[in-house]
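# Survey of secondary and tertiary structure
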Amino acid sequence: KTAAISIHMFLNTSCCLSVHSEFLDIVDVDMMRMPNEINKTQHHTTFYNSDSLIVRRGQEFQVKITFNRPYKPASDKFAVEFVIGSTPQYSKGTYIPVFPTQERQSSWAGRITNTSENTVTMGITPTPDCIVGKYYMYVAVVTPFGIRRTRKDDSRNLYILFNPWASADAVFLDDETERQECVMNEMGIIYHGAYDDIAERDWNYGQFNYGVLDACLYIMDKAAMPITNRGDPIKVTRKASAMLNSHDDEGVLVGNWTGDYTYGVAPTSWTGSTEILLSYATSKMPVCYAQCWVYAAVFNTFLRCLGIPSRVVTNYYSAHDNDGNLKTDIILHDNGRIDRNRTKDSIWNYHCWNECYMSRPDLPAGFGGWQVVDATPQETSDGMYRCGPASVQAIKHGQMCYPFDAAFVFAEVNSDVVFYSRSKEGTMEPVKVNQTHVGRMVLTKAPGDVTRRDITDQYKFPEGHKEERTVLEKAEEFGCQREKSNPPDADVDLVLPTLEVTVGNDFELSLEFINRSDQRRVVDIYISGSVVYYTGVTSTEFLFSDPTVTIGPNKSVKEVVVVESKNYMKHLVEQANLNFIATGKVKETGQIVTAMKVVTLHNPKLSVELSGGARVSEEMMATVEFTNPFTFGLEGVYIRMEGPGLMMPKSKYYSLIPAGSTLTWTEYFSPLRAGSTRVMVTLDCPALRQVRGQASVTIQP
């Protein structure tokens, strides 16, 4: 008799206590699953709010088995069995017996680490490439009457995750500071705004919150992802990039860029991922609504929860190129004024995606490490709305043929902005090429800090660097078209200032014209001010001016345009961006001058105050205060609040906040665990999006 237990026996036997006490029988199984016990502390899973055992692959964990008498290695035979999926099979790695003796081992190593009277402690090491997910565990013993096995019991379920601490795991990240940030940190900062006026959005990833791990596994179930693929981070991240959006597959989030969020939650209102993931897992329906940072933030929760190191990155001036070339085309009339009807390509003020860390055995050496994945539905890849994983190294070096979707991401950070002059006959002539506007800056949160980290150099060589030209030439070999002509620069420069403007204020826009020639220059200039979505799409033009400017030789002249709030306020869309484009023609030379500037209007702030003992399980109070600074009432106002380790998401609705009045909302909570954390709050209504506040606190044990 051996402990090679077939799956048929597994299905057909049950356990009852032997009347023959001399035969080995199972009395109790202790999974050692408490947060303070050895398994969760060694496997970095203490923070998961779950009663089940959660461990990481490629690393030993312990279970204690109590028998009816002392275990005798020479004559007693038992095995610990793990099964996953609906039809477990040994050959597929979905049924794994683990044996205590050296003579008999399976793919997962087993050994007895301690024996004390009737109790045996067994060390079990799953392979570093095993399937990630929820397993059921059984203990089986060989008796003269056949094999006895423990009954199915939820207390013996366990979750096995990816392991960035194990050198043999594909997601191994050999940097403890990065691991603490990209796997263990729940508090995110997501960058938005404009590259010269960067704004921050706090986000609670909440990857350890109750129910989130099950929700992440449900996403793979909903995608009907084969169980056997769930140990491969390349396949898991590619499948998830499709499943985080609701296109094609009833995935997690419905995108909405219209400004009308009547039937869901405005993207700017969310404070974290927990509510979204739990809602999806409970209702089995896509959650409304998301824009790029919401997709990236929830995807980040999914990746960190399963143990894949990940971070959210923001690309400022991200090209959304509809025809797959490396050009963003802006069409001008022959007098230099922009032709809005014919200008179709858009440049997003910013776009958020994710990077996840893994080896890439499917690519040549050197292309592992950080990989771009993007769940925002922009373009299809192999017939579905998904993007990645694309090697950041491959993007930097122009290796566009490597899977997956490197060419698309390359264009997002490397497009040239080409201005064409369209004659009355319809011919198009390139008159200006801007090679530095797109992919101006790529940011992510610095590990272990609340500051930002500029990672532009990981995506591209410095502008003008000889390597940069080589990369662009290589990209052309792979079929990316660029603008070859190089029209001479005008000898008049046009500079738009960097402005910080609070929503509702009037301000002045000062255009500086610098004449670098030895002769007088006269410029017919067209200044357009538009309210734009952050995707670069124009909502309404609210300002137009067409002065003629005369500049003396080697002199500069300022032209001031007054922007009145009454003209832009009634047209504002969320994220309150104003886009100014100045284009014109130098009379003497016919050369084109252009300048573009996005002004992000700053919203009023919320104040958040915390009071109370700041100790685990002791009641505390969060007080939110907001004053409506406008001359009109704010209707349909939602406020949301949450904090990692402090409270689950809470929300409150106010039908009206009258002009000039103040609201106060107080919420009581009891911290769940010690450490530094913060409460994050948003206020959102149709007339005013993206009002935020936060308060930091250190909770004592």
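Everything numeric here is computed off the predicted structure, so don't read it as measured data.

### What to know about empty space enclosed by the protein
If you walk through the whole model with that rule in mind, you get four cavities of 30 Å³ or more. The calculated volume of the largest cavity comes to roughly 60 Å³. Residue lining of the largest cavity: E181, C182, G188, I189, Y205, R304, R311, V312, T444 and K445, and that is the complete set. Within the residue set of the lining of the largest cavity, elements represented by two or more residues are α3 (176-184), β11 (187-194), β15 (310-320) and β24 (441-445). Of the residues belonging to the lining of the largest cavity, the class tally is four nonpolar, two polar and four charged.

### Points about the domain arrangement of the protein chain
What the domain assignment lists for the protein chain is domain 1 (26-161), domain 2 (176-478), domain 3 (492-602) and domain 4 (607-699). If you average the C-alpha positions of domain 1 and of domain 4, the two centres end up 45 Å apart.

### A word on the UniProt feature "active site" (unreviewed entry) in the protein chain
The UniProt record marks C292, H351 and D374 with the feature "active site" (unreviewed entry), using the residue numbering of this structure. Of the residues just listed, which span 83 residues, no C-alpha pair is farther apart than 10.0 Å, and they cluster in one region. By the element assignment, C292 lies in helix α7 (residues 292-306). What C292 contacts, discounting residues up to four positions off in sequence, is W257, W348, Y350, H351, C352, T376 and Y534. Counting through the fold element by element, D374 comes out in strand β18 (residues 369-374). Once you skip the residues sitting within four places of it in the chain, D374 turns out to touch S241, F299, H351, C352, W353, R386, C387 and E412. Within the local environment of D374, its side chain forms a polar contact with the side chain of H351, the two groups lying 2.8 Å apart.

### A short note on helix α5 (residues 233-243)
Of all eleven residues in α5, nine are buried; the element is thus mostly enclosed. P233, I234, V236, T237, R238, A240, S241, A242 and M243 are the residues of α5 that are buried. At the N-terminal boundary of α5, the capping side chain belongs to D232, with an oxygen 2.9 Å from the backbone nitrogen of I234.

Rules of the game
Residues numbered from 1 in each chain as written. Predicted model: local features only at pLDDT ≥ 70, side-chain atom pairs only at ≥ 80, totals over all residues. Heavy atoms only, no water. 1 Å grid on protein atoms, 1.4 Å probe; cavity = no way out; pocket = protein on both sides within 12 Å on 5 of 7 lines; lining within 4 Å. Points joined across faces, edges and corners; volume = space filled by probe spheres on them. Helix = DSSP H or I, 4+ residues; strand = E, 2+ residues; numbered from the N terminus. Nonpolar A, V, L, I, M, F, W, Y, C, P; charged D, E, K, R; others polar. Domains from an automatic or database assignment. UniProt positions renumbered as here; feature names shortened; annotations may be inferred. Contact = heavy atoms within 4.5 Å. Polar contact = N/O pair within 3.5 Å; in protein donor to acceptor, adjacent residues only side chain to side chain. Buried < 20%, exposed > 50% of the residue type's maximum accessible area, 1.4 Å probe, protein only.

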